[in-house]
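# Descriptive analysis of the structure
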Amino acid sequence: MHKYQIFRYSTTLLFLLIMTAMSAQVDTQIALSSQWHLLVDFSQRHLLANSFDEIMFVESQLPRIVMAIMVGATLGLVGSLMQQLTQNPLVSPLTLGTASGAWLALVVLNVWFPGFVGEYASLAAMIGAVLTLGLVILITGIRNMSGLPVVLAGMAVNILLGAIATAIILLNDQYAKNLFIWGAGDLAQNGWQQVQWLAPKLSVAVLIFIFAPRILSLLRMGQTGAAARGLNIVPAFLGLFALGLWLVASSITAVGVISFIGLLAPNIARQLGARTPKDELFYSMLLGALVLVATDALAMLLSTYTFDLVPSGTAAALIGAPALIWFTRRKMGAQDQLSLTLPKSRYRMTPKALPWMALCLLAFSVISLFISKATVEQEIVWLFSFPDAFGWQIRWPRLLTSIASGAGLAVAGVLLQRLIYNPLASPDILGISAGATLALVGGTIFLGLNIFDGTPAIAFIGSMSVLGLLLILGKRHQYAPSMLVLTGIALTALIEAMVQFALARGDETSYTILSWLAGSTYRVTPVSALVLTAAVVLLIGFALLTSRWLTLISAGREFAKARGLNVPRAFISLLCCVALLCAIVTATMGPVAFVGLLAPHMAVILGAKKAELQIPTAALLGASLMVFSDWLGQNLVYPSQIAAGTLVAIVGGLYFIVLLIQGRRTA
């Protein structure tokens, strides 16, 4: 071991000891001498701990610190293993979607098989993570794990599984209350039982240190070189990944979802000089423990000042999301340039087709208003009926909101895709809708606002903040799809942490926020629906009036400038239109995923290739999609309801996955 390596390890261990000691002092009322006495005679702790503060120190704070060290070390180790296996510094349980798969499996187990939670929670989480990894590999191919497409596939799967988990929780809220803190990633302990349960399950990490270094060393020569030296790549790859997923699944079962540690620790290890596979594994494990102990100390400190439980997962996301954005600023390689284009079409659409599309939207609207399930003589039947005054007062605002939201987000997607020459650009994928969501959820948590009365002004500030960040970060890489999407992933993860923080508080706002996040029209008032519709109509009108700007910018900024267009002014004006559309829709209905991606692509498939035709076509398609989704959500599991945003996210997530598969085949 080199002198620098010894210095690096000893310094990190010293920092870990210091952070551990500092963490033990947060909200502790007993003297250092008493703490030392309890530690020295730890086996006699039950006899020595007399006061309430001493019992809390021994049975709560100490096991919490030990759990932070264990889980942090595990996540750092697994992150390094995954990154070395894929040769991809942005891979982690978070970005591969495996954490979401484990989380969905635990939700299913808790809701429908609660009797098996005690014995089979780890196994269920493991199965969920493995199936998710299998889906990601199916999308990208096992030989294409080193570029950014695998991270995009993980993000698509993450959104898809998250939408399914949200739907299950909302439909079974009486069984899912205990899942909120679990989803936020909480290290709080009440005794040593969880530590004793987790420790044996993490012992398989020894196998990684025995087998992984040689395999990883061979993989650094490339797959061809490794195979030439006798390595059977696929079994070795899957075997090591299975070990890593078991460790992640066990950790999630014990403390919930804690993001970013597995991403940060290996990247920091390499920055500090870890070069060999074994060195990176060990050092990432050490750094993971240090980062999580420090993060948990920050969470406890924030909890004492805010008088609210701040989960460790939230604190980790507050640190990790900016770090992910920082790592995306590196120079991208050839594999990072996604081969994704707008779908091809053999059709040629004319404006004469628009009235027929409007007629289809009208047909969906009639179905939504007059055809629904109802209970008649204790039987659920389909009915065609004219709603009474009360039913009409409920249905027309929902219908109007669906039409306006779908049309608004679809037009926002058209504008974004043409402005930054990015077929993946949509408000949800790039994090623009997420910025509005973050602003509204933050206002609910910290300012006490009612999220259903959230003002579009707050949402607009959030959307514009994200847009500004994207423009600043994206300029370096000419607004490459990969970089912008990864920024969106980081912001989405930050928002999820904020949401879980709100839900973990366990007050009456928890389900209100969760139902709003599902993208539901259920609580929209007549006034809100009318304001939303008027705003969307005005903004779409502006987009149509400025379609010449969009056409010129789509052909290239230099071309537009040569034709006399003030490109910066047009660019900012159209981006403000995008932010306003996202803000007004999100403030009224909640976040809705994938409409801004799906509707513009459908318009192109139908042959609407010019901006002045693509805008109204996408608007009608987006409106029809939302109206149908809202009607289906009201009747699919009657008398319960599924939010329209959840159904659209599932359909759009599947489409996004197909788009990524198509892009891989094209490449």
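Our structure's up above, just so we're on the same page.
Description of the structure in this document. What you see is a predicted model, and the numbers here were worked out from it, not measured in a lab. Here the residue index of a chain counts from 1 through its sequence in written order. It should be noted that, the model being predicted, local features are given only for residues of pLDDT at least 70 and side-chain atom pairs only at 80 or more, the latter also being counted only at that level, while totals for whole chains, interfaces and linings use all residues. Side-chain measures were taken over the full set of non-hydrogen atoms in the model, leaving aside hydrogen atoms and water.

## Points about the overall build of the protein chain
Labels follow the DSSP assignment, with helices taken as runs of H or I lasting at least four residues and strands as runs of E lasting at least two, numbered in each case from the N terminus. What the protein chain contains, in helices and strands, is 28 helices and 2 strands. By residue count, 58% of the 667 residues in the protein chain fall in the buried class. By definition, residues are in contact when any of their heavy atoms lie within 4.5 Å. Contacts in the protein chain between residues far apart in sequence, at least 24 positions, make up 80% of those at least 6 positions apart. Surface accessibility in these figures is a Shrake-Rupley result with a 1.4 Å probe; residues are shielded only by whichever protein chains are displayed. Entry remark: accessible area of the protein chain is about 28300 Å², with carbon and sulfur atoms responsible for 67%. Only protein chains enter the accessibility calculation, which uses a 1.4 Å probe; a residue is then buried when its area is under 20% of its type maximum, exposed when over 50%, and partly exposed in between.

## Thoughts on unusual backbone geometry
A positive phi angle is found at Q87, which is not glycine, with a value near 55 degrees. Inspection of the secondary structure assignment puts Q87 in the loop between α4 (52-86) and α5 (98-112). By relative accessible area, which is 42% here, Q87 ends up partly exposed.

## With respect to a nonpolar patch on the surface
Here a patch means residues that are over 30% exposed by relative accessible area and free of salt bridges, tied together within 9 Å if like-charged and within 5 Å if nonpolar (Val, Leu, Ile, Met, Phe, Trp, Tyr). Think of a salt bridge as a Lys or Arg side-chain nitrogen and an Asp or Glu carboxyl oxygen that are within 4 Å of each other. A cluster of nonpolar side chains, namely W112, F113, F116, Y120, L123, I127 and L131, defines an oily patch on the protein surface of about 740 Å² accessible area. It is helix α6 (residues 117-140) that contributes the most residues to the nonpolar patch, 4 residues altogether.

## Some words on the pairing of strand β2 (residues 379-384)
Strand pairing is assigned whenever DSSP identifies at least 2 bridges connecting the two strands. Bridge analysis of strand β1 (residues 371-376) against β2 gives 6 bridges, and the strand direction is antiparallel. Opposite A374, over in β2, you have V381 as the bridge partner. Here β1 folds back onto β2, and the loop between the two strands holds 2 residues, one of which, E377, carries a positive phi near 55 degrees.

## Structural notes on helix α17 (residues 389-419)
Expected helix span is given by 1.5 Å per residue-to-residue step, counting one fewer step than there are residues. Between its first and last C-alpha atoms α17 spans 45 Å; for 31 residues at 1.5 Å apiece the expected length is 45 Å, and the two agree. Within α17, 22 of the 31 residues are buried, which leaves it mostly tucked inside the rest of the structure. Count one or two residues on from α17 and you reach Y421, which has phi positive near 55 degrees.

## Re the nonpolar core
Residues enter a nonpolar core if they are buried and are Ala, Val, Leu, Ile, Met, Phe, Trp, Tyr or Cys, with the set joined through side-chain atoms within 4.5 Å. One finds I432 and F656 to be the most contacted residues of the largest nonpolar core, which totals 187 residues. By residue number, the principal contributor to this core is α4, which donates 15 residues. L440, V441, L517 and A583 belong to the second-largest nonpolar core, a separate cluster that totals 9 residues.

## Remarks on the state of the cysteines
Throughout, a disulfide means two cysteine sulfur atoms within 2.5 Å of one another. Applying the stated criterion across every chain yields a total of 0 disulfides. Here C576 is not cross-linked by a disulfide; its sulfur's nearest cysteine counterpart is in C577, at 8.9 Å. Given a relative accessible area of 23%, C576 falls into the partly exposed group. According to the relative accessible area criterion, C577 is buried, its value standing at 2%.

## Description of the pattern of salt bridges
Enumeration according to the criterion identifies 5 salt bridges in this entry. Its salt-bridge partner being D279, residue R8 comes within 3.0 Å of it at the nearest N-O pair. Placement of R8 in helix α1 (residues 3-25) and of D279 in helix α14 (residues 277-306) is noted, with a sequence separation of 271 residues between them. Taking relative accessible area as the criterion, D279 reaches 6% and is therefore assigned buried. We note a salt bridge from D296 to R64, for which the minimum N-O separation is 2.7 Å. Of the two residues, D296 is situated in helix α14 and R64 in helix α4; the sequence distance between them amounts to 232 residues. Considered together, D296 and R64 belong to a single accessibility category, that of buried residues. Each of R220, R270 and E280 takes part in a single network of salt bridges with overlapping partners.

## Some points on the side chain of S402
On the secondary structure map, S402 appears in helix α17. A residue is classified by how much of its surface remains accessible, and S402, at 1% relative accessible area, is buried. Polar contact is the term for a pair of N or O atoms within 3.5 Å; when the atoms are in protein, one must be able to donate a hydrogen and the other to accept it, and sequence-neighboring residues count only if both atoms are side-chain atoms. Of note is the side chain of S402, whose polar atom sits 2.9 Å from the backbone oxygen of R398. Non-local contacts of S402, meaning those with residues more than four positions away in its chain, are made with T521, A623, M626, V627 and D630.

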